[in-house]
Every structure is written in C-alpha cells, then in structure tokens.
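A structural walkthrough
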Amino acid sequence: MLLKVSKSSDVKESQVTDESLYRDRRRFLQASASLTAMSLAPSLSMWPAIGSASIDFNKIGKSDFSIDEETTPYDAVTSYNNFYELGLDKGDPKRNAQHLKVKPWSVKVEGECEKPGEYNLEDFISPGKVEERIYRLRCVEAWSMVIPWVGVELGPILKRFQPTSKAKFVQFKTILDPDNLPGQKRPVLEWPYREGLRIDEAMHPLALLAVGLYGKEMPNQNGAPLRLVMPWKYGFKSIKSIVSIEFTEEQPATSWNITGPREYGFYSNVNPEVDHPRWSQKRERRIGEFLKRETLPFNGYADEVASMYAGMDLKKNF
Amino acid sequence: MSTSSAEVFVSTPFAGKFVKSALFTLLLIPLAIPIYWFYTNALGANPIETINRWTGDWALRVLLLTLAVSPLRRLTGWNNFIQYRRMLGLFAFFYVCMHISSYIILDQFFDFGAIFDDVIKRPFITAGFTSFLMLIPLAVTSTKKMVERLQHRWIILHRLIYIIGMVVVLHFWWMVKIDTREPAIYAGILAVLLGYRLFYYIKRKI
Ligand code: HEM
C-alpha cells in the first residue's frame, strides 16, 4: 500500500502542544502494577510482557502518519464534544465528565476469534508502540479539528486475538452505565452506542486506538480510557470509551445508522460529494477558523485508503 | 371592563413611556450578551454557531412574546398591553435580521452560491427563508400610517404571523439532529397561544 510520505518532521513539538500541557504530564493508569498483573486476562504466551502496565507519556513515539497542520487548541478539543452518554449539548461532556467511571476498565473480546475473553485495558497497550498521531477529525455536522492523539495502531492489537477466517467485520460498543451516565437515562440513541468496521478497515495502518491526546491521558469527555480514531470517516465512527470488541461475519448494526438510515451510512467515509440530507458536506468549519474550508475526499486520506473502496458506489455506500 | 389600578398606572403618559423604555432596554439585552461574550472570549469553541443559535433562539422567543400580547390582554383585561405589541414585533424582526446576517456574513461569508443551494436543498433553511419572506410585509406595514391606510386588511395581513410561527418552529424542528425537546417546547407554547385564539374565536361564534 502506498503511504503518503509525511512531513511530520517539520512539525516542532512547541507548535503542537502548549508547553504547560507537557509540563503537566501525568502517568496513565496509576492503578498498581501488581494488581493488574493478576488480571482477569487469559494468559497468552504470545502476549508481550506488559511490565508496569502504565503508559509513560514521556516516551511517546512520533508517527509518519501525522499531518503538518496547525492543531486545534486543547481547550476546544476538550470542551466541544459529541458524546451523548454525557449529554446532548456539546458543552455537556466536559461538564459531566466525572460521571464516566474509567477505573477499573476492562474490554470484552468475543465472536469470531481464537482468543476471546475479558481483557484489561493495559493488555491493549503494547509498551514502546504508543505514539502520537496528528490527525484531522471531520464531524458529520460539518466542523473539523486537528488533534494530536496518543495511541496504538488498531490492527496489530486485533491480530493478537487471532480473528478467524469468518471475521469479516468488527463491532465495538461503548460502556453502558445508565446509573451514572446522564445521557443514557433517555433513549435518544439505542444504548449502548455501537460502531462497526469492515475487517480490512480495522486493519488499516491509519486506524488508531487512542488512549490520550496532547501528550496526556485521554480526558473523559473525549472517550477515556480507550477510543477508536478513524481519521477518514465522520467522527461518530470513532467510538468512545470502548468496553466490547466483537468479530462478526455479518455487517454489524451501528447506532447512528439505526437511528437515521438515510442520513448515516455504515461506511460514513468523509465525502464532499454526498450531502447529508439536511446539510451540505462540501465544506467544513475548522474550529478556530473564520472561513469554511473545502472538505476533502476521505478527509484528505484518499491516497492511503481510497483503494479499499475501489469499485464501490460511494453514493450508495455512503 | 372596570378600571384596574394597573391600567391607571400605565395609562398615565409618563408611566407608559417609562414602561416602554424599560421594555426597550430589556429587549436589547439578548443583543448585549453575545457582545459581552465576544469581549470576554466566552463564545465557546465554535463562536459562529453560538451566535447563529443565540440570535435564532431570541428571534423565536420575541416572536412568541409578540403572539402572547393579545391572549394576555384578553385574560387580564389589561388593554394597555397592546401599546407594546408593535415594539415587540419589530424586535422579533430585528433578531431575525441579526440571525440571518449571522448566517450570511459569519457562517457563509457571502457565498451566495452556497446560500442559494441551502435555500433550495435544505428543508430547514427553506422553512427559515420562507418565514423571513413572510415577515417582511409585516415589518413594512407596521407603521401607524400603514395601519390606518390598510384598516381591516391590515388585520388580515398580520394574521400571517400565525403561519410564520408554525413555519419557524418547523425550521427549528427540521434542523436538530436528534434531540427535539427544545423545538417541542416552542411548539407547545405556540400551540397554546394559537389554540387560545381558536378557542376564543369559536366561543364568540357560538
Ligand atoms: C433566511 C432565513 C433563515 C436562515 C437562512 C436561517 C438559518 C439558520 C441556521 C443555519 C440555523 C442552524 C444553526 C446551527 O446549525 O448551528 C438556524 C437555527 C435556528 N433558526 Fe434560523 N434561519 C432563518 C430564519 C429564521 C427565522 C425567521 C427564525 C425565527 C423567527 C429563525 C429561528 C431559528 C431558531 C430558533 C434556530 C435554532 C437555534 C438553536 O439551535 O437553538 N430562523 N437558522
């Protein structure tokens, strides 16, 4: 696969991150290492040693996939969120962030794979592989941001569960906790929130499992502790606060598609040619900018991902 | 109708003027607030959206206030309410103009191609635009001279406001992605205000 040669080396750290943010680095998962060592996880011989099972945010690798664009300020990234579990207004997730209980956290892996089970968060994060990736994020509502995520590539993680030949799709689910999550008290969406990918999309090197942003632990309102980032798809595909991963043979149902099948497709690749029935997708407002920008096919990642959809009618498979 | 003390109060020219100025000032507050937010950097991550929604909300709210004048007058017998109706209506139109300016200037920055597309393709914008078109003749004929000149035709023309109210609620309803609570509240208020008129009309006929 042809991968765009990135110019990320031109990006100075200071351009990306406010200094104060880096000064304030915290360790991820202060949960004691001894406890996590006695995890519920089935013991997997091929599993790399997890060690202290905490992410050292001082040792984040750089990625060639990072784009060379000015990042959206931390304040905006963490105060303007669509995370309906924490409220419908975009300011709600930050206000209600404390209602999301992220410790302890485990993820159930099930379906068409050889190594199903209940895994600890730490099992997803191979030490040394955590890197920063500066990606565009394009919301279906026609606004966008540039976010320096911290995370690991999704594909190698999924492979560790040894998906079988029947695994054609992957379904993800967000935490279901209506007692604590204010948004889940009303049936605005079918809870828990569900998303899905075709297996080749999930295995694409751009697909990221993020655990932080701006060099820090993931804020709750951005989908702590573990979320997907699919930069060439509309933001709602990048499911937050994942508690379940299921390999399936059939295309899984996805929350927004259930709610509005005419408005939100399974693929939901960013596509300026296919309007949302109620608004145009041709342009977007980059948060912090005055004039709208042209929206790019696949959100500017066409060189990397377009081949996966060769021969498909993207107007039908929107 | 016997003369209530309230009526006496606003009937004195001085008090009436005072109430009017106070109301005028009050109605400017929704304009002052986003200006204050602008200077204190409190418009949020997407200031244009904040302004667009704020002005849209207040256009609708003042419009509903205007529609509340007649029912209130009938219910309280306080006829002097009527002297504020024109000002309320014009303020509603003022906030509509702010809302539309914010859309044309801030949101689209005079991209008339995109605006045209929106108006013909997006049902919620079509509804907003239609209500704006219907509001123009009402604003134009709001002067005393026009009221006198048009006489009972003025009353008929200004019944357009009932339809405008409904189309604006539709504009809001069609805009939201999923959460219809807010437009539903406005729809409820509008239903009460219009329902009262219908009730009164039927009662008078019987
Ligand atoms: C040419 C006419 C109009 C246009 C182009 C227009 C445009 C818009 C747009 C683009 C939005 C969505 C804002 C967003 O998504 O963030 C909106 C929302 C709204 N508009 Fe309009 N509008 C028009 C007329 C009106 C009129 C006449 C009224 C009321 C009297 C009105 C009241 C509202 C309200 C209440 C909202 C919802 C605000 C909210 O979300 O809280 N609009 N309008």
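Refer to the preceding data block for the structure.
Because the structure is predicted, anything quoted here is derived from the model rather than measured.

Some details on the overall build of chain B
Per the secondary structure count, chain B includes 10 helices and 0 strands. In chain B, the succession of helices and strands from N to C terminus is α-α-α-α-α-α-α-α-α-α. Dimensions along the principal axes, computed over C-alpha positions, put chain B at roughly 55 × 45 × 35 Å. Residues counted as buried form 39% of the 206 residues belonging to chain B.

Brief notes about the site of the ligand
Residue and element names in this part refer to chain B. With respect to spatial proximity, 21 residues lie near the ligand, and among them Arg-53, Gly-56, Asp-57, His-99 and His-171 are the closest. In this structure, His-171 approaches the ligand through a side-chain N or O atom, which is 2.8 Å from a nitrogen atom. Among the elements that take part in the shell around the ligand, helix H3 (residues 47-76) stands out by supplying 8 residues, more than any other.

Here we look at the layout of surface pockets
Residue and element names in this part refer to chain B. Taken as a whole, the second largest pocket holds about 1,300 Å³ of empty space. Taken together, 34 residues make up the lining of the second largest pocket; nearest its centre are Ser-70, Ile-82, Arg-85, Trp-154 and His-158. For the lining of the second largest pocket, the elements supplying multiple residues, two or more each, are H3, helix H4 (85-107), helix H6 (123-140), helix H7 (144-150), helix H8 (152-158), helix H9 (160-175) and helix H10 (181-205). In terms of residue class, the lining of the second largest pocket is made up of 18 nonpolar, 7 polar and 9 charged.

Quick word on the coordination of the iron atom of the ligand
Residue and element names in this part refer to chain B. In the first shell of the iron atom of the ligand, the protein supplies His-99 (NE2) and His-171 (NE2), at 2.0 Å from the metal. For the iron atom of the ligand, the 6 donor atoms in the first shell make angles of 86 to 180° at the metal, so the coordination geometry reads as octahedral. Within this pair, whereas His-99 is found in helix H4, its partner His-171 is found in helix H9, the two being separated by 72 residues in sequence. Classification of His-171 as buried rests on a relative accessible area of 17%.

Structural notes on empty space enclosed by the protein
All names here are of chain A. Using the criterion set out here, one finds 2 cavities of 30 Å³ or more in the structure. For the largest cavity, the calculated volume is near 400 Å³. In terms of lining, the largest cavity is formed by 27 residues, of which the most central are Asn-82, Phe-83, Gly-235, Phe-236 and Lys-240. Among the elements that line the lining of the largest cavity, the one with the most residues is strand S5 (residues 143-153), at 4 residues.

Description of the nonpolar core
The biggest cluster of nonpolar side chains holds 89 residues, and the ones touching the most others in it are Phe-124, Trp-149, Leu-154, Phe-172, Trp-232 and Phe-247 of chain A. Beyond its immediate stretch of four places on either side in the chain, Trp-232 of chain A contacts Glu-201, His-204, Leu-206, Ala-207, Asn-269, Val-270, Phe-298, Asn-299, Tyr-301, Val-305, Met-308 and Tyr-309 of chain A. Membership of the second largest hydrophobic core comes to 34 residues, among which are Phe-132, Tyr-186, Leu-190 and Leu-193 of chain B.

Thoughts on the interface of chain B and chain A
Opposite the 22 residues of chain B that make contact, chain A presents 29 residues. Buried surface at the junction of chain B and chain A, summed over both partners, amounts to about 2,000 Å²; 51% is from carbon and sulfur atoms. Per-residue buried area on chain B facing chain A is highest for Ala-45, Lys-177 and Ile-178 of chain B; these three make up 36% of the total on that side. Where chain B packs against chain A, one counts 7 salt bridges. Here Lys-121 of chain B makes a salt bridge to Asp-275 of chain A, at a shortest N to O gap of 3.8 Å. Where chain B packs against chain A, one counts 11 residue pairs in polar contact (both at pLDDT 80 or more). Breaking the side of chain B that touches chain A down by element, the ones donating at least two residues are H3, H4, helix H5 (112-121), H6 and H9 of chain B. Here the side of chain B that touches chain A takes 3 residues from H4 of chain B, the largest share from any one element. When its residues are assigned to classes, the side of chain B that touches chain A shows 12 nonpolar, 2 polar and 8 charged.

Focus: the packing of aromatic side chains
All names here are of chain A. Across all of its chains, the model carries 28 aromatic pairs over all chains by this definition. Plain terms: the ring middles of Tyr-84 and Trp-256 are 5.7 Å apart, the flat faces sit at 70° to each other, and that makes the pair edge-to-face. Residue Tyr-84 is found in the loop between helix H4 (74-77) and helix H5 (92-95), and its partner Trp-256 is found in helix H8 (residues 255-259); the two are separated by 172 residues along the sequence. Both residues of the pair, Tyr-84 and Trp-256, count as buried. Here Phe-236 and Tyr-264 contribute two aromatic rings whose centre-to-centre distance is 5.6 Å and whose plane-to-plane angle is 85°, an arrangement assigned as edge-to-face. Here Phe-236 is found in the loop between strand S10 (227-229) and strand S11 (242-248), whereas its partner Tyr-264 is found in the loop between H8 and strand S12 (283-286), with 28 residues between them in sequence. For the pair formed by Phe-236 and Tyr-264, the shared burial category is buried. Ring-pair connections join several aromatic residues into one group, and the members of that group are Phe-169, Phe-266, Tyr-267, Phe-298 and Tyr-309. Its guanidinium or amino end placed over the ring of Tyr-301, Arg-136 lies 5.0 Å from that ring's centre, counting from NZ or CZ.

The rules behind these values
Each chain carries its own residue numbering, running from 1 in the written order of its sequence. Naming scheme: in the order in which they are written, chains are lettered from A and ligands are numbered from 1. Local features in a predicted model are, by the rule used here, given only for residues with pLDDT of at least 70; side-chain atom pairs are given and counted only at 80 or more, and totals for whole chains, interfaces and linings are based on all residues. For the side-chain quantities, the full set of heavy atoms in the structure was used; hydrogens and water were omitted. Strands are runs of DSSP state E lasting at least 2 residues, helices are runs of H or I lasting at least 4, and numbering of each runs from the N terminus. Residue exposure (1.4 Å probe, protein chains only): buried if accessible area is under 20% of the type maximum, exposed if over 50%, otherwise partly exposed. Here a residue is considered near a molecule or strand provided that any single heavy atom belonging to it is located within 4 Å of it. As used in this structure description, the phrase polar contact means that two N or O atoms lie within 3.5 Å; if the pair is within protein, one of them must be able to donate a hydrogen and the other to accept it, and residues adjacent in sequence are counted only when both atoms belong to side chains. A 1.4 Å probe that fits but cannot get out identifies a cavity on a 1 Å grid over protein atoms alone, an open set with protein on both sides within 12 Å along at least five of seven lines counts as a pocket, and a residue lines either if it has an atom within 4 Å of a point. Grid points are joined across faces, edges and corners, and a volume is the space filled by probe spheres set on the points. When residues are grouped by polarity, Ala, Val, Leu, Ile, Met, Phe, Trp, Tyr, Cys and Pro land in nonpolar, Asp, Glu, Lys and Arg in charged, and all others, Gly among them, in polar. Keep in mind that water is not among the atoms, so a site may look incomplete; donors are the N, O and S atoms within 2.8 Å of the metal, or 3.2 Å for Na, K and Ca. Metal sites are grouped by the angles between bound donors: all angles between 85 and 135 degrees with four donors is tetrahedral, opposite donors over 155 degrees apart with the others between 65 and 115 is square planar for four donors and octahedral for six, and any other pattern is irregular. Among the buried residues, those of types Ala, Val, Leu, Ile, Met, Phe, Trp, Tyr and Cys that are joined through side-chain atoms within 4.5 Å form a nonpolar core. By the convention used here, residues are in contact when the closest approach between their heavy atoms is within 4.5 Å. Defined here as a combined quantity, buried area equals the accessible surface (1.4 Å probe) lost by two parts on assembly, summed across both. Within this document, salt bridges are pairs made up of a side-chain nitrogen of Lys or Arg and a carboxyl oxygen of Asp or Glu, the two lying within 4 Å of each other. Think of it this way: a Phe, Tyr or Trp ring, Trp meaning its six-membered ring, pairs with another when their centres are within 6.5 Å, and the plane angle makes it stacked under 30 degrees, edge-to-face over 60, tilted otherwise. Sitting over a ring, as applied to charges here, requires NZ of Lys or CZ of Arg to be within 6 Å of the ring centre and within 35 degrees of the ring normal.

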